[in-house]
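Listed below are the residues making up each chain.
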Amino acid sequence: QVQLVESGGGLVQPGGSLRLSCAASVSIFSFNSMGWYRQAPGNQRELVATITSFGRTNYPDSVKGRFTISRDNAKNTVYLQIDTVKPEDTAVYYCNAKNRLDYWGQGTQVTVSS
């Protein structure tokens, strides 16, 4: 059974930073890619970052320059660094891992508010 355990969410003021963590129960080399998605109330889930097993990263224009995805293979962990947060970043953030199947974390709430 693959488990993805997320941490690092919480309340942050506009302009601040957060680092989200996603710890996998298996080697992250088991996956072709990993990523982070977010979903705000009433909105569809959107992709915000991906990283392949080779370290190639991709971001949509909406977050490019502020979000950074990285991986620590020894810790089986993927991170999402969110800098200069904006109120529109408020959402539940989900970790995703993909090989033949898709695996999802439970989600962690990020709230950006003054």
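Residues numbered from 1 in each chain as written. Predicted model: local features only at pLDDT ≥ 70, side-chain atom pairs only at ≥ 80, totals over all residues. Heavy atoms only, no water.

**Here we look at the side chain of Asn96**
Following the sequence through the fold, Asn96 ends up in strand S9 (residues 91-98). A polar atom in the side chain of Asn96 sits 3.4 Å from the side chain of Asp102. Not counting the four nearest positions on each side in its chain, Asn96 is found in contact with Leu4, Ser33, Met34, Gly35, Tyr37, Asp102, Tyr103 and Trp104. (Helix = DSSP H or I, 4+ residues; strand = E, 2+ residues; numbered from the N terminus. Polar contact = N/O pair within 3.5 Å; in protein donor to acceptor, adjacent residues only side chain to side chain. Contact = heavy atoms within 4.5 Å.)

**Concerning the packing of aromatic side chains**
Aromatic rings considered in pairs are described by the distance between their centres and by the relative angle of their planes. Enumeration over the complete set of coordinates arrives at 3 aromatic pairs. Here the guanidinium or amino end of Arg45 rests over the ring plane of Tyr94, the centre of that ring lying 3.8 Å away. (Phe/Tyr/Trp six-rings, centres within 6.5 Å; stacked < 30°, edge-to-face > 60°. Lys NZ or Arg CZ within 6 Å of the ring centre and 35° of its normal.)

**Quick look at the pairing of strand S8 (residues 77-82)**
With 5 of 6 residues buried, S8 is to be regarded as a mostly interior element. Relative to S8, strand S3 (residues 18-24) runs antiparallel, the two being bridged by 6 bridges. Residue pairing across strands places Arg19 opposite Gln81, the latter belonging to S8. Relative to S8, strand S7 (residues 67-72) runs antiparallel, the two sharing 6 bridges. Bridge pairing links Arg71 to Val78 in S8. Turn length for the S7-S8 hairpin, with the two strands adjacent in sequence and antiparallel, is 4 residues, and the turn residue Asn76 shows positive phi of about 50°. (Buried < 20%, exposed > 50% of the residue type's maximum accessible area, 1.4 Å probe, protein only. Pairing = 2+ DSSP bridges.)

**Looking at the state of the cysteines**
By the definition in use, this model includes 1 disulfide. Sulfur-sulfur distance for the disulfide between Cys22 and Cys95 comes to 2.0 Å. On the sign convention where negative is left-handed, the bridge of Cys22 and Cys95, at about -80° about the S-S bond, is left-handed. In this pair, Cys22 sits in strand S3 while Cys95 sits in strand S9, placing the two residues 73 residues apart along the sequence. Neither Cys22 nor Cys95 differs from the other in exposure class; each is buried. (Disulfide = S-S within 2.5 Å.)

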